[in-house]
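Residue-level listing of the chains:
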Amino acid sequence: MIRSYKDLVVWQKGIDLVEEGYRLTARFPKHERYGLGGQIQRAAVSVPSNIAEGHERHHLNEYLQHLSIDLASLAEVETQTEIARRLK
């Protein structure tokens, strides 16, 4: 039974993404921790945050809007981690 956004598997996986993003960016060179590293961290934090905020809205359209923003944040994380991978 879903009583809270914390019960949503997608929110839980979003929290896992944040943890992994912080672990990854901690290994970045010092000059990238605040540039690309900070962008990855902010985009990752945005994922479970938007799920939680949308879930707390009481109108389906607002919830769907937050999920749409969430998909965009996931695309950001994916793009930024690909950039990091290519830059080694």
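You'll find the structure just up there.
Anyway, here's the lowdown on the structure attached to this text. (Residues numbered from 1 in each chain as written. Predicted model: local features only at pLDDT ≥ 70, side-chain atom pairs only at ≥ 80, totals over all residues. Heavy atoms only, no water.)

1. A few points about the layout of surface pockets
A volume near 190 Å³ is recorded for the largest pocket. Around the largest pocket, the lining residues are Leu24, Arg27, Phe28, Pro29, His31, Glu32, Leu36, Thr81, Ala84, Arg85, Leu87 and Lys88. Where the lining of the largest pocket is concerned, the elements lending two or more residues are helix H2 (30-33) and helix H4 (60-87). A total of four residues in the lining of the largest pocket trace back to one element, the largest contributor, which is H4. (1 Å grid on protein atoms, 1.4 Å probe; cavity = no way out; pocket = protein on both sides within 12 Å on 5 of 7 lines; lining within 4 Å. Points joined across faces, edges and corners; volume = space filled by probe spheres on them. Helix = DSSP H or I, 4+ residues; strand = E, 2+ residues; numbered from the N terminus.)

2. Digging into the packing of aromatic side chains
Taken as a whole, this structure holds one aromatic pair when the rule is applied. Consider the rings of Tyr5 and Trp11, whose centres lie 5.4 Å apart with planes at 70 degrees: the pair is edge-to-face. (Phe/Tyr/Trp six-rings, centres within 6.5 Å; stacked < 30°, edge-to-face > 60°.)

3. Digging into H4
The terminal C-alpha atoms of H4 lie 41 Å apart, and with 28 residues this matches the ideal 40 Å at 1.5 Å per residue to within 8%. Those residues of H4 that fall on the buried side of the exposure criterion are His66, Asp70, Ser73, Val77, Gln80 and Ala84. In this fold, the buried residues of H4 make contact with helix H1 (9-26) and helix H3 (36-56). One or two residues past the end of H4 sits Lys88, with phi positive at roughly 55 degrees. (Expected span 1.5 Å × (residues − 1). Buried < 20%, exposed > 50% of the residue type's maximum accessible area, 1.4 Å probe, protein only. Contact = heavy atoms within 4.5 Å.)

4. Side note on unusual backbone geometry
Although it is not a glycine, Lys88 adopts a positive phi angle of roughly 55 degrees. Within the secondary structure, Lys88 is located in the segment after H4. What makes Lys88 exposed here is its relative accessible area of 85%.

5. Quick notes on the nonpolar core
In terms of nonpolar packing, the biggest core is built from five residues, these being Leu8, Trp11, Val47, Ile51 and Ala52. With three residues, the top contributor of residues to this core is H3. Other than its neighbours up to four places away in sequence, Trp11 contacts Tyr5, Lys6, Pro48, Ile51 and Ala52. (Core = buried A, V, L, I, M, F, W, Y, C linked by side-chain atoms within 4.5 Å.)

6. Observations regarding H1
Spanning 18 residues, H1 covers 26 Å between terminal C-alpha atoms, matching the ideal 26 Å at 1.5 Å per step. All buried positions along H1 are accounted for by Trp11, Gly14, Val18, Gly21 and Thr25. When H1 is viewed along its axis, its buried side chains cluster within an angular range of 65 degrees and face the same direction. More than 90 degrees from the buried face of H1, the exposed residues found are Val9 and Lys13. Among the structural elements, H2 and H3 are those in contact with the buried residues of H1. (Arc of directions from axis to C-beta.)

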